[in-house]
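Listed here are the chains, written in short residue letters.
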Amino acid sequence: MESNTAENSQDVQSFFLCPFLDMAEDARGADAVREALRTIPIEPSLIRDRSGWLSLERTEKGLRLLAELTGDPTVVARAGRAAFTKRYLGILRMIIRAVGSPKTGYDQMVSGAARYNKVGKFSIEHGQPGELTLVYETVGKDEQDPITCETRVANIEAFPTVFDLPEARVEHTECIHKGGARCVYHVSYPERARKPWRLLAALGGAAAGTLIGLPSFSFAAILAASFATLLYLIAANREAQGQLSTTLETVYEQQDAVELAAIDQEHRFAELLEAKAGVERQVEARTAELRATSDQLAETLDEVRELSQARTDFFSNMSHELRTPLTLMLSPLSQLTKGEEPPGGRNAALASMQRNADRLLRTINQLLDLARVESGNATAERAPVAPIDLLYAIEASFVAAVQAKGVTLNVEAEHGSNLMLDGGWMETALTNLTANALKFSRAGDVITLAVRDQGDEVIFEVRDTGRGIPANKLESLFERFARGAGPGAGTGIGLSLVHEAARLHGGRADVRSRLGEGSTFSLHIPRVVADGDAVSHTLSAQEAVADVCIERDGPDRYAPLAFVAEDNPDVRTFVADILSAHYRVRTYRNGLEVLEAVDEEIPDVFVTDVNMPEMDGLELTAALRKKRGLEDTPIVLVTARGEADQVIEGFEAGADDYVIKPFHGRELLARTDALVRAKRMAGRLVHQERLATVGVVAASVAHHIRNPLNALIGGLPAVRGRLEASNGPGLDGPTSRMFDVFMDAAERIEEVSTDLLDLSRTDREALQRFPPGRGLAASVRLMETRFGDAIQIDRAIDEDAQVEGRPGELHHVFLNLLDNAARAMSKGGKVEVVGRVNDAHYDVVVRDDGPGIPDAILDRVFEPFVTTRAAGEGTGLGLAIAADVAKRHGGSISAGRSPSGGAELHLRIPLA
């Protein structure tokens with residue numbers, strides 16, 4: 001460790017730190033302080049050495065460390081006063097008191113600064129009785145820690161206490177620690193009254209000096225004269241000190257106590273604001289925890305979903321393949337059983353049932369064939385087939401579908417020899433290829449079914465001019481359960497059956513495709529000519545339905561909004577008609593259309609089918625859950641997939657409910673209503689719990705503020721009275737102003753705490769007459785306290801008008817309106833608050849000059865969960881609750897634009 005003698009840089013006298021050292025040792029003990037100082041390093045003995053010196057850097061570190069060890073926020077002021085006591089000035093204090101004055105003392109501080117500080121110099125720019133301007137400039141080294149400047153200010157303030165006078169008042173107008181080139185102190189100090197005994201002391205000193213100057217005056221006489229003068233000075237000092245010491249000590253003790261109390265109140269008030277912010281952070285943190293838990297659950301189930309995906313896709317595909325023909329069989333059969341005539345007549349119904357029974361049989365046979373393929377026992381049962389007849393039969397089955405979608409379907413074929421083919425497998429392969437082409441085509445596209453005789457092989461082709469397939473998907477496209485390109489791609493079973501059909505015929509399947517230009521699927525079958533007649537193929541045609549999106553206005557313009565995604569036009573219209581009883585409805589053909597729509601308008605609920613082109617319901621649900629503001633919007637999946645693992649998959653994606661086809665309309669409406677009501681209720685409960693929690697915290701903190709505050713308000717006048725009684729009528733100007741400042745600060749804290757107690761009362765349920773303007777004014781004051789100089793609030797409030805209602809509810813509305821306005825603006829913005837009587841109503845208008853409310857949500861700003869803030873920053877319930885409160889009080893609330901382009905909220909409450 002560096003020793004005392006190792007201090008090479010002599011910048012500042014070490015005794016300058018002595019008052020701080022003594023106070024630190026009183027607080028922590030000498031041993032603890034010594035150990036702490038060794039980290040700098042400084043030995044306490046060097047600080048107590050009146051001839052010792054320290055570098056500026058170690059002086060600043062020592063000051064900061066000793067001040068922190070005391071744990072006293074007033075330590076600098078106390079050390080400044082202590083530096084001019086007898087303990088540290090010694091006999092010099094008595095001499096200064098006898099012959100000096102504040103003016104001469106400050107002059108000496110300037111002229112003698114070099115004796116104790118070699119890195120700074122003082123100068124006096126101008127002075128007059130009771131006032132002067134001191135300038136401090138660094139020489140060679142710059143100060144780093146502002147505590148050095150704070151200590152310098154404390155010494156300047158405390159110097160008049162040498163003469164038992166009040167401290168000087170110092171205005172620090174320029175500071176080197178705030179970017180200034182020097183420190184400038186404007187000092188106002190009390191003048192010292194002239195006393196006869198001081199004049200005698202001065203004369204005695206002069207006489208002693210004269211005697212000393214005489215050649216014949218002995219050294220004993222010199223000592224006697226000096227001793228006599230010193231005795232007189234001591235007596236005079238004791239006399240003055242006896243009169244003022246008690247009073248001055250009381251003043252300083254009370255001053256320190258008041259300062260500590262003021263600091264304590266500031267801390268308590270800061271705790272109040274932090275507690276309120278803490279409640280909000282806690283609510284947001286819990287919301288984030290729930291979201292994180294949900295994400296973790298989704299990740300945990302990823303492996304399960306991957307393992308069951310193949311089986312899920314298989315049963316999903318088969319469910320659709322089986323349910324469609326069953327529906328077309330069961331519906332006419334039910335009518336025939338009841339003795340009713342089916343549409344189109346009995347014979348047409350029987351023919352339809354026969355065709356769909358055949359279709360169902362073919363599907364079951366395909367399942368059996370797939371099982372045989374898996375076991376290696378699948379074979380092709382060949383029979384004579386006319387290729388051209390097969391293509392025209394497939395074309396006929398798609399006539400209605402292609403017309404509804406605006407797609408052209410062509411056949412390119414020539415009559416030729418009958419071929420030996422398995423008609424069932426070839427029909428399955430070509431039907432799947434045609435259905436896929438139609439699924440990924442848009443209006444205006446062309447699909448072509450073709451067959452070409454190449455001599456040694458026959459090539460069946462399905463061409464389209466659709467979107468095409470990415471190159472990285474082509475290689476695995478025919479693999480079992482492989483999915484095609486883009487959202488809403490199939491399950492992979494269809495193309496795997498195409499591959500099996502070609503393989504069982506000794507041929508192959510391939511595909512050529514380019515993005516934006518379309519695709520061509522080909523079946524290359526070895527040519528085997530048949531001797532007999534070809535088997536006829538007639539496939540059932542699909543009913544043409546207009547594929548258009550619709551809208552329903554619902555019961556009124558304020559009804560909740562529902563988005564419906566469904567690719568089947570009949571089902572889309574059916575669901576829209578059901579929901580329109582309680583909702584405004586917008587319908588879309590797939591998930592991509594919904595995602596585009598939510599950028600313009602956010603609904604209250606989504607109802608979506610699972611299997612759709614472009615983007616299916618599961619992908620849509622996952623995408624919606626990732627969008628800001630849609631994390632909690634209810635989503636209802638409507639599908640034929642009813643197995644447990646398929647339902648779990650929907651919930652994993654983020655769905656809130658699952659409706660299995662076939663369903664009753666009332667069931668869908670009831671489930672949707674329950675989800676919307678639950679979301680609104682949960683949101684309101686969270687918002688009300690937050691308000692209640694903040695109210696309890698605010699009331700508790702305000703109560704703790706008022707207890708010590710009452711002691712201050714009651715004790716300060718008593719202290720002032722004692723000082724006036726001991727010093728005669730009236731106090732000097734600085735002391736009087738000091739007490740005025742303390743009383744004003746205490747009264748302002750009392751006013752804020754009273755406002756908090758008033759605004760935090762959440763138990764006012766009974767109706768009563770009260771002046772809303774007072775609560776509005778209190779809310780403004782709280783906002784000013786919270787945001788400080790960041791915003792400007794202009795007010796014009798009538799605080800006398802009376803209304804009838806619940807004060808607590810209206811006060812929360814006032815705070816919400818003001819908080820919204822303040823948060824909407826950048827620093828320096830302005831809020832205008834008006835509370836006035838107008839047309840038998842009390843009108844409250846809050847205007848700001850922020851960005852305003854977007855036109856897209858202006859009409860819905862009072863609906864629940866509508867907000868302009870970022871996710872996690874607001875519940876979207878504040879203005880909805882404000883509207884409810886206004887309605888319960890017989891009033892209204894509206895929103896618009898302020899003259900400056902910001903937001904303007906207008907609340908009207910009838911007068912009592």
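Residues numbered from 1 in each chain as written. Predicted model: local features only at pLDDT ≥ 70, side-chain atom pairs only at ≥ 80, totals over all residues. Heavy atoms only, no water.

A.B. asks: Describe the overall build of the protein chain, naming the residues involved and giving the relevant values.
C.D. replies: Of regular secondary structure, the protein chain possesses 28 helices and 26 strands. Carbon and sulfur atoms form 53% of the exposed surface of the protein chain, whose accessible area is close to 44,900 Å². (Helix = DSSP H or I, 4+ residues; strand = E, 2+ residues; numbered from the N terminus. Areas by Shrake-Rupley, 256 points an atom, 1.4 Å probe, with all protein chains shown as cover.)

A.B. asks: Explain the packing of helix H1 (residues 18-28) against helix H4 (residues 56-70) to me, using residue names and the numbers behind them.
C.D. replies: The packing of two helices is summarised by the inter-axis angle and the distance between the axes. As a packed pair, H1 and H4 sit with axes 8 Å apart at the nearest point and diverge in direction by 35°. Where H1 crosses over H4, the handedness of that crossing is left-handed. Across the interface between the two elements, Phe-20, Leu-21, Met-23, Ala-24, Ala-27 and Arg-28 from H1 touch Leu-63, Leu-66, Glu-68, Leu-69 and Thr-70 from H4. Looking at the contact of H1 with H4 residue by residue, the classes come out as eight nonpolar, one polar and two charged. (Axes fitted to C-alpha atoms, helices over the stretch in contact; angles between N-to-C directions. Left-handed = near helix turned anticlockwise from the far one by under 90°. Contact = heavy atoms within 4.5 Å. Nonpolar A, V, L, I, M, F, W, Y, C, P; charged D, E, K, R; others polar.)

A.B. asks: Pulling in residues and values, what's your account of the environment of Ser-417?
C.D. replies: Structurally, Ser-417 can be placed in the loop between strand E8 (408-412) and strand E9 (419-421). Those residues in contact with Ser-417, other than ones at most four positions away along the chain, are Pro-387, Arg-527 and Val-529.

A.B. asks: Explain the packing of helix H20 (residues 591-598) against helix H21 (residues 617-626) to me, and be specific about the residues and the numbers.
C.D. replies: Here H20 crosses H21 at 20°, and the two axes come no closer than 9 Å. It follows from the interaxial angle that H20 and H21 lie roughly parallel. Judged by the sense of rotation from one axis to the other, the crossing of H20 with H21 is right-handed. Contacts from Gly-591, Val-594, Leu-595 and Val-598 of H20 reach H21 at Leu-620, Ala-623 and Leu-624. By residue class, the composition of the contact of H20 with H21 is six nonpolar, one polar and no charged. (Parallel < 35°, antiparallel > 145°, perpendicular 65-115°, else oblique.)

A.B. asks: An account of the pairing of strand E12 (residues 508-514) is requested, with residue identities and associated values reported.
C.D. replies: Here E12 shows a buried face lined by Ala-509, Val-511 and Ser-513 and an unburied face lined by Arg-508, Asp-510, Arg-512 and Arg-514. Bridge count between E12 and strand E13 (residues 518-526): seven bridges; the pairing is antiparallel. Its bridge partner lying in E13, Arg-514 is registered against Gly-518. Here E12 folds back onto E13, and the loop between the two strands holds three residues, one of which, Gly-516, carries a positive phi near 85°. (Buried < 20%, exposed > 50% of the residue type's maximum accessible area, 1.4 Å probe, protein only. Pairing = 2+ DSSP bridges.)

A.B. asks: Let's hear about the sheet that holds strand E24 (residues 841-848): which residues, and what values?
C.D. replies: One open sheet holds the five strands; their spatial order is E21-E23-E24-E26-E25, and the pairing between them is mixed. A strand with exactly one partner marks an edge of an open sheet, and here the two such strands are strand E21 (791-797) and strand E25 (892-897). In this sheet, neighbouring strand axes are inclined to one another by 15° on average, regardless of whether the strands run parallel or antiparallel. Where helix H25 (residues 772-787) meets the sheet, it contacts E21, strand E23 (829-838) and E24, and its direction lies at approximately 170° from that of E21.

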